[in-house]
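Analysis of the macromolecular model
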Amino acid sequence: MIELFDEGLHSGVNLALKVDKVLYREKTELQDLMIFENSTFGRVMSLDGAVQTTEKDEFIYHEMFVHVPLLAHGAVRRVLIIGGGDGGAARQVMKHQNVEATLVDIDRTVIELSQQYMPTISGGAFDDPRLKLVIADGCEFVRQSEEVWEVIIIDSTDPHGPGEVLYTQEFYADCKSCLAEGGIIVTQNGVPFVQESELRTSYDRLKTLFTDVGFYLAAIPSYVGGVMAYGWATEEKRHRQHSLATLAGNYIGSGIETDYYTPEVHQAAFALPLNIQKILTSED
Ligand code: AG3
């Protein structure tokens, strides 16, 4: 009998993945976590029935999450990652020399199991002395922290369950107070085609707080429904207007190696198709 992982994240469309082998399954006090093997995606991690990351396509998600803000900013020394317990974003951040990061995740189990079952995703980032790990509620952390960071990456689950608070106005405001001058916040903002209202809600909330708010796109094969949107919020408009030459200079200067990111892809990712623009501007 073929076992199927049936995502059920959205009401009208379901992602079904063949489960070749279940490697781990546990309901922690926080989340229902499963790691299984699939012939297309390699090892897959799901939380509360939603695919979080897979060995084969995580590079797209994490490269775009990290290198777009870091290379747009151009002078990042300190990065804060909220969530991201699989270590994928951390690994991309660690590619940048002279950058240190703090990763705050609420669930230690996610970190431990990712390292055990999907070690290529963090690729040793958790052993890097430049990465500081904090097990805590991201909301509490930014509310209380007096430190500042040039880039804050909100690598959360979708806005249901424990991740929901990471989409509130209060949380965004607390993040803003942890941003260095000219800093950038990037968020995981779902797949617009199937999560219209989530995109619009984040946009409206961020707009009340930041001068420049936008989204950029990438298609993540294991996220059903088309391209996903990353939120972008900053007081420094110029970070979104760099020429290709500037981005290429920053990319080459950083010395990082990538498999998806290029300066051209970076620039193009900010072009929003009309249907997505309309989600942001419609009056209802
Ligand atoms: N965070 C994003 C999960 C999005 C899930 N959505 C979906 N399957 N459509 C994942 C954490 C990766 N570091």
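Here's a quick rundown of the structure. (Residues numbered from 1 in each chain as written. Predicted model: local features only at pLDDT ≥ 70, side-chain atom pairs only at ≥ 80, totals over all residues. Heavy atoms only, no water.)

If you tally the helices and strands in the protein, you get 10 helices and 13 strands. Scaling as 2.2 N^0.38, a compact globule of 284 residues should have a C-alpha radius of gyration of about 19 Å, and the protein matches this with 18 Å. Its C-alpha atoms give the protein principal-axis dimensions of about 55 × 50 × 35 Å. (Helix = DSSP H or I, 4+ residues; strand = E, 2+ residues; numbered from the N terminus. Rg over C-alpha atoms; globule rule 2.2 N^0.38 Å.)

Our next topic: the environment of E264. Mapping E264 onto the fold places it in helix α9 (residues 263–269). In this structure E264 comes out as partly exposed when scored by relative accessible area, which is 47%. As a C-alpha pair, E264 and E3 span 261 residues in sequence and 40 Å in three-dimensional space. (Buried < 20%, exposed > 50% of the residue type's maximum accessible area, 1.4 Å probe, protein only.)

This next bit is on the site of the ligand. Around the ligand, the neighbouring residues are E7, L9, V51, Q52, Y61, H62, D86, D155, S156, D158, Q188 and Y223. V51 places a polar main-chain atom, nitrogen or oxygen, 2.8 Å from a nitrogen atom of the ligand. Contact with the protein chains removes 98% of the 400 Å² of surface that the ligand exposes when unbound. Counting only elements with at least two residues in the shell around the ligand, the list comes to β6 (50–54) and α1 (58–73). Of the residues that constitute the shell around the ligand, the class distribution is 4 nonpolar, 4 polar and 4 charged. (Near = heavy atom within 4 Å. Polar contact = N/O pair within 3.5 Å; in protein donor to acceptor, adjacent residues only side chain to side chain. Areas by Shrake-Rupley, 256 points an atom, 1.4 Å probe, with all protein chains shown as cover. Nonpolar A, V, L, I, M, F, W, Y, C, P; charged D, E, K, R; others polar.)

Within the largest apolar cluster, 50 residues are counted, with the highest numbers of intra-cluster contacts made by V79, V93, I153, Y216 and Y230. Three or more residues apiece are contributed to this core by two domains, here domain 1 (4–54) and domain 2 (58–281). When residues no more than four places from it in sequence are discounted, the contact partners of V93 are V66, V79, I81, V99, A101 and I153. Among the nonpolar cores identified, the runner-up in size contains 32 residues, and L80, L209, F210 and L280 belong to it. (Core = buried A, V, L, I, M, F, W, Y, C linked by side-chain atoms within 4.5 Å. Domains from an automatic or database assignment. Contact = heavy atoms within 4.5 Å.)

Turning to its location among the elements, H266 is positioned in helix α9. Classification of H266 by relative accessible area gives buried; the value is 2%. At 2.7 Å, the side chain of H266 and the side chain of Y261 are in polar contact. In this view, H266 contacts H67, V68, A72, L247 and Y261; residues no more than four positions away in its chain are not counted.

A full pass over the atoms with the stated rule returns 13 salt bridges. Close ionic contact of E37 with R43 constitutes a salt bridge, the shortest N to O distance being 3.4 Å. Judged by its relative accessible area of 26%, E37 falls in the partly exposed class. Here D128 and R130 are joined by a salt bridge, their closest N and O atoms 3.1 Å apart. Connected through salt bridges with shared partners, the residues R25, K27 and D32 form a single ionic network. (Salt bridge = Lys/Arg side-chain N within 4 Å of Asp/Glu carboxyl O.)

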